[in-house]
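Summary of structural features
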Amino acid sequence: MEYIHTMKIKVSYILIILLTATAVLAGTFLEYFQGRSEGEDIRLEWKTREEVNLQHFKVERKTPQSSFVDIATIQPKGSNSYYNYLDQSAYKSDNMLFVYRLRIVDTNGQDAYSNEVSVSHSVSGVKRTWGSIKAMFR
């Protein structure tokens, strides 16, 4: 009976270590991740600490009614780097709230996720229509 109890404790420790390693992966890479509405677009900014075995970042977006989808892949620049991404398709949506996160993919295929950032975004109907007209002539 004592053997089974000892094994349960060891398995619990292993699970805790694995969960902590995933959390540390995202936490080690990112100093911050934030977003803000900027005119018709949404600007996302983040800064990394140490980028070890980093393959790329995937910028993911969702609305309260949808699941996360990939909207961009960002290549790493190296440790202590500043990144920004401008989501220029936000104005096309009728949604006023977007949720973003970074999927951090390492060279071993392991994924970790940043914290989620919610951005309230309101673009007038006139700007949305004008943005659609401009897009037709690009």
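As a starting point, this report considers the structure included with it.

Here we take up the overall build of the chain. For the chain, the count of helices and strands is two helices and eight strands. Mapped from its N terminus to its C terminus, the chain presents α and β elements in the order α-β-β-β-β-β-β-β-β-α. Counting every position in the chain, which comprises 138 residues, the buried fraction comes to 35%. Roughly 8700 Å² of accessible area belongs to the chain as shown, and the carbon and sulfur atoms make up 56% of that amount.

Attention now moves to the packing of aromatic side chains. Taken as a whole and assessed by the stated rule, the structure comprises five aromatic pairs. Ring geometry for Trp 46 against Phe 57: centres 5.5 Å apart, planes inclined by 65 degrees, an arrangement best described as edge-to-face. With Trp 46 in strand S2 (residues 41–48) and Phe 57 in strand S3 (residues 54–62), the pair connects residues that are 11 residues apart, well separated along the chain. With a centroid separation of 5.1 Å and 65 degrees between ring planes, the pair formed by Phe 57 and Tyr 83 is classed as edge-to-face. Placement of Phe 57 in strand S3 and of Tyr 83 in strand S5 (residues 82–87) is noted, with a sequence separation of 26 residues between them.

All chains considered together, the criterion is met by nine salt bridges. A salt bridge links Arg 103 to Glu 60, with the nearest nitrogen and oxygen atoms 2.9 Å apart. In this pair, Arg 103 sits in strand S6 (residues 97–106) while Glu 60 sits in strand S3, placing the two residues 43 residues apart along the sequence. For Glu 60, a relative accessible area of 4% corresponds to the buried category. Where Arg 61 meets Asp 87, a salt bridge forms, and the shortest distance between an N and an O atom there is 2.6 Å. Of the two residues, Arg 61 sits in strand S3 while Asp 87 sits in strand S5, which places them 26 residues apart along the sequence. You'll find Arg 61 and Asp 87 in the same group, each marked buried. One network of salt bridges, with partners in common, ties together Glu 60, Asp 70, Arg 101, Arg 103 and Asp 111.

Moving on: the sheet that holds S2. Overall, antiparallel pairing links the three strands, which are arranged S1-S2-S5 in an open sheet. Either end of the sheet is taken by a strand with one partner, and the two such strands are strand S1 (30–38) and S5. Averaged over all adjacent pairs, the angle separating strand axes in this sheet is 15 degrees, with direction ignored. Here six bridges tie S2 to S5, and the two strands are oriented antiparallel to one another. Looking at S5, one finds that Lys 47 is bridged to Tyr 82.

Let us now look at the side chain of Ser 114. Mapped onto the elements, Ser 114 comes out in the loop between strand S7 (111–113) and strand S8 (117–120). From its side chain, Ser 114 meets the backbone nitrogen of Leu 102 in a polar contact 2.8 Å long. If we ignore the near neighbours within four places in the chain, the residues touching Ser 114 are Leu 30, Phe 33, Arg 101 and Leu 102.

The biggest cluster of nonpolar side chains holds 20 residues, and the ones touching the most others in it are Trp 46, Phe 57 and Val 59. For this core, the elements supplying multiple residues, two or more each, are S1, S2, S3, strand S4 (69–74), S5, S6 and S8. Those residues in contact with Trp 46 that lie beyond four places of it in its chain are Leu 30, Tyr 32, Phe 33, Phe 57, Val 59, Ile 74, Ser 81, Tyr 82, Tyr 83, Tyr 85 and Leu 102.

Reading the values: the criteria
- Residues numbered from 1 in each chain as written.
- Predicted model: local features only at pLDDT ≥ 70, side-chain atom pairs only at ≥ 80, totals over all residues.
- Heavy atoms only, no water.
- Helix = DSSP H or I, 4+ residues; strand = E, 2+ residues; numbered from the N terminus.
- Buried < 20%, exposed > 50% of the residue type's maximum accessible area, 1.4 Å probe, protein only.
- Areas by Shrake-Rupley, 256 points an atom, 1.4 Å probe, with all protein chains shown as cover.
- Phe/Tyr/Trp six-rings, centres within 6.5 Å; stacked < 30°, edge-to-face > 60°.
- Salt bridge = Lys/Arg side-chain N within 4 Å of Asp/Glu carboxyl O.
- Pairing = 2+ DSSP bridges.
- Axes fitted to C-alpha atoms, helices over the stretch in contact; angles between N-to-C directions.
- Polar contact = N/O pair within 3.5 Å; in protein donor to acceptor, adjacent residues only side chain to side chain.
- Contact = heavy atoms within 4.5 Å.
- Core = buried A, V, L, I, M, F, W, Y, C linked by side-chain atoms within 4.5 Å.

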